[in-house]
Amino acid sequence: MSTINKTAPKVGFVSLGCPKALVDSEQILTQLRAEGYDISPTYSDADLVVINTCGFIDSAVEESLDAIGEALAENGKVIVTGCLGAKSDLVKKAHPQVLAVTGPHALNEVMSAVHAHLPQPHDPYTSLIPPQGIRLTPSHYAYVKISEGCNHRCTFCIIPSMRGDLISRPLDQVMQESENLIKAGVKELLVISQDTSAYGVDVKYRTGFWRGRPIKTRMTELVSALGDLASDSNAWIRLHYVYPYPHVDEVIPLMADGKILPYLDVPFQHASPRILRAMKRPASSENNLTRIQEWRSICPEITLRSTFIVGFPGETNADFEELLDFLKEAQLDRVGCFAYSPVEGARANALGGHVPEELKEERRARFMAVQEEISSARLLRKVDRRMTVLVDAVDEDVIVARSSADAPEIDGLVYLPNTGGIKTGQFVEVEIIRSDTHDLHANLIPS
């Protein structure tokens, strides 16, 4: 038996029920030990108690409720999980003092409850994992994934068959990860998922809690909370993969108020209603041109990025021309375009009217030529303006940075001469002196 570390928080543990529940208990105990918690063999020595319950038959329910009552009497701080936890109303009616109740196979929810009521301080001398986790991005920006999977069944996409339906991360987990990243020096958080707009749909926008404050598990409320979190450190919050549902309108005022970056990555994919229906795109009936105008009226500084597919099965010359007309009218800042390519397992492969490869590439080239003119014109309007940029790299003669309009690796860059004293991950003020098709060139404004 391992020696208990007297300085580590101690968790008591009771495991009831079948072998499946036992495996769940093993996973929770493994995670507790991995995070530096000790397991206490007694209620009296524990800082809190986790009880993995059974609720299959009446006698098991009675045994579980008795175990919860005993732990509350002996310790006072109890987290309930397991099959009986799926009947949270029953548990809370019998024992309203419990700290939290989760259902079975809920490792993440149990650990979130433990973190909330028994925080584990990070010890750099004993922990192999920093609080912000192991990341592959540079130290000054990070991606925060808020959900897995997708509820849509777009005919060109096989993501749901690989990742399943939408599963939103608990709000407190997203907020804790974001706080850890900002504390570690991250200056930009990029919010990502398969469908950021749908965050919380799967849990019916249930109320989560962060720092004792109730927050709805919904994109608008999450983004607002992230903006509050980032404001103290002047960090950037950037939104990606936002489908154009009507409730997306709610985040635009947050951009206008400076809580999050005035940047929206919206994968429109096409503009022809007929093609959008064939793609089975969500929000395909929305009037996106009107929505874009409304967004810009609220937040004139907003940067709009999107992706499109040309050469989708059945796309006619008229459909493609409609797409070009949309592009010219929308005046999007950043755009990517792909020629349709059959993906194994995609339902679109069975559609008729496949477009010849040569015509696909011709349309893609025409599309990008139109967008390059738009991009060049929109960047030219930024010349002589002052702006804040985030430094990505410092070379001997040049500094490579990004503005609020530029997501890493997919958008443009801001180049300025290296006059010394500037470090990667630093915000600096610049004046734009010229532009080209994709990038800006600037001079540093002395602080």
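Heads up: these notes are all about the structure in this document. (Residues numbered from 1 in each chain as written. Predicted model: local features only at pLDDT ≥ 70, side-chain atom pairs only at ≥ 80, totals over all residues. Heavy atoms only, no water.)

### Let's talk about the overall build of the protein
For the protein, the helix and strand inventory stands at 12 helices and 20 strands. In terms of its C-alpha atoms, the protein occupies a principal-axis envelope of roughly 70 × 60 × 35 Å. A buried classification covers 49% of the 447 residues belonging to the protein. Across the protein, the fraction of contacts at a sequence separation of at least 24, relative to all contacts at a separation of at least 6, is 71%. Accessible surface, the protein as shown: approximately 21,600 Å² in total, 52% of it carbon and sulfur. Across the protein, 45 positive and 59 negative side-chain charges occur, with their mean positions spaced 2 Å apart. (Helix = DSSP H or I, 4+ residues; strand = E, 2+ residues; numbered from the N terminus. Buried < 20%, exposed > 50% of the residue type's maximum accessible area, 1.4 Å probe, protein only. Contact = heavy atoms within 4.5 Å. Areas by Shrake-Rupley, 256 points an atom, 1.4 Å probe, with all protein chains shown as cover. Lys, Arg positive; Asp, Glu negative; His and termini not counted. Charge placed at Lys NZ, Arg CZ, Asp CG, Glu CD.)

### Thoughts on the sheet that holds strand 20 (residues 440–444)
If you trace the 5 strands once around the closed barrel, you get 16-17-18-20-19, paired in mixed fashion. Direction aside, the axes of adjacent strands within the sheet are offset by 50 degrees on average. Both strand 16 (residues 386–394) and strand 17 (residues 398–402) contribute to a ladder of 4 bridges, which runs antiparallel. Counterpart to Val 391 in the pairing with strand 17 is Ala 401. (Pairing = 2+ DSSP bridges. Axes fitted to C-alpha atoms, helices over the stretch in contact; angles between N-to-C directions.)

### Some thoughts on unusual backbone geometry
Where the residue is not glycine, phi is negative for most of them; where a peptide bond is considered, it is trans in most cases. Even without being a glycine, Tyr 241 presents a positive backbone phi close to 55 degrees. With relative accessibility at 39%, the residue Tyr 241 sits in the partly exposed group. Notably, Gln 331 is not glycine yet its phi reads approximately 50 degrees, a positive angle. Within the secondary structure layout, Gln 331 lies in the loop between helix 11 (317–330) and strand 15 (334–339).

### Digging into the pairing of strand 17
Judged by how many residues are buried, strand 17 sits mostly within the fold: 4 of 5 residues are covered. Counting the residues in the hairpin turn of strand 16 and strand 17 gives 3 residues. Two strands pair when backbone bridges link them, and strand 17 and strand 18 (residues 414–417) are joined in this way by 4 bridges, in the antiparallel orientation. Bridge pairing links Ile 399 to Leu 416 in strand 18.

### Looking at the packing of aromatic side chains
Considering all chains together, one arrives at 8 aromatic pairs under this definition. Aromatic pair Trp 236 and Phe 427: ring centres 5.1 Å apart, planes at 50 degrees, arrangement tilted. Here Phe 427 lies in strand 19 (residues 427–435) and Trp 236 lies in strand 12 (residues 236–239), a separation of 191 residues in the sequence. Judged by its relative accessible area of 10%, Trp 236 is buried. With 6.1 Å between their ring centres and 15 degrees between their planes, Tyr 243 and Tyr 245 make a pair best called stacked. Across this residue pair, the class does not change: Tyr 243 and Tyr 245 are buried. The structure contains a cluster of three or more aromatic residues connected by ring pairs, namely Phe 268, Phe 308, Phe 326 and Phe 367. The ring of Tyr 205 carries Arg 218 above its face, with NZ or CZ at 5.9 Å from the centroid. Between Arg 238 and the ring centre of Tyr 263, over which it is positioned, the NZ or CZ distance is 4.5 Å. (Phe/Tyr/Trp six-rings, centres within 6.5 Å; stacked < 30°, edge-to-face > 60°. Lys NZ or Arg CZ within 6 Å of the ring centre and 35° of its normal.)

### Observations regarding the pairing of strand 20
Relative to strand 20, strand 18 is paired through 2 bridges, and the arrangement is parallel. Looking across to strand 20, one finds that Val 414 is bridged to Leu 440. One ladder, built from 5 bridges, connects strand 19 with strand 20; its direction is antiparallel. Counted as the bridge partner of Val 430 is Leu 444 from strand 20. Between strand 19 and strand 20, which pair antiparallel in sequence order, lie 4 residues.

### Examining the nonpolar core
With 57 residues, the main nonpolar core has Leu 239, Met 255, Leu 264, Trp 295, Phe 308 and Phe 367 as its most contacted residues. In this structure, Phe 367 is in contact with Phe 308, Val 310, Phe 320, Leu 323, Leu 324, Leu 327, Val 335 and Cys 337, ignoring residues within four places of it in sequence. (Core = buried A, V, L, I, M, F, W, Y, C linked by side-chain atoms within 4.5 Å.)

### Some remarks on the packing of helix 11 against helix 12 (residues 357–380)
At a minimum axis distance of 10 Å, the contact between helix 11 and helix 12 shows a crossing angle of 15 degrees. When the axis of helix 11 is compared with that of helix 12, the two are roughly parallel. The handedness of the crossing between helix 11 and helix 12 is right-handed. Here Asn 317, Phe 320, Glu 321, Leu 323, Leu 324, Leu 327 and Lys 328 of helix 11 lie close against helix 12, whose contacting residues are Arg 363, Arg 366, Phe 367, Val 370, Gln 371 and Ile 374. (Parallel < 35°, antiparallel > 145°, perpendicular 65-115°, else oblique. Left-handed = near helix turned anticlockwise from the far one by under 90°.)

### Concerning the packing of helix 6 (residues 171–183) against helix 7 (residues 219–231)
Interhelical geometry of helix 6 versus helix 7 gives an angle of 25 degrees and a closest axis separation of 11 Å. Accordingly, the angle class assigned to the pair helix 6 and helix 7 is roughly parallel. At the point where helix 6 passes helix 7, the crossing takes the right-handed sense. Only Leu 222, Ala 225, Leu 226, Leu 229 and Ala 230 of helix 7 make contact with helix 6, whose side of the interface consists of Leu 171, Val 174, Met 175, Ser 178, Glu 179 and Ile 182. For the contact of helix 6 with helix 7, the class distribution of residues is 9 nonpolar, 1 polar and 1 charged. (Nonpolar A, V, L, I, M, F, W, Y, C, P; charged D, E, K, R; others polar.)

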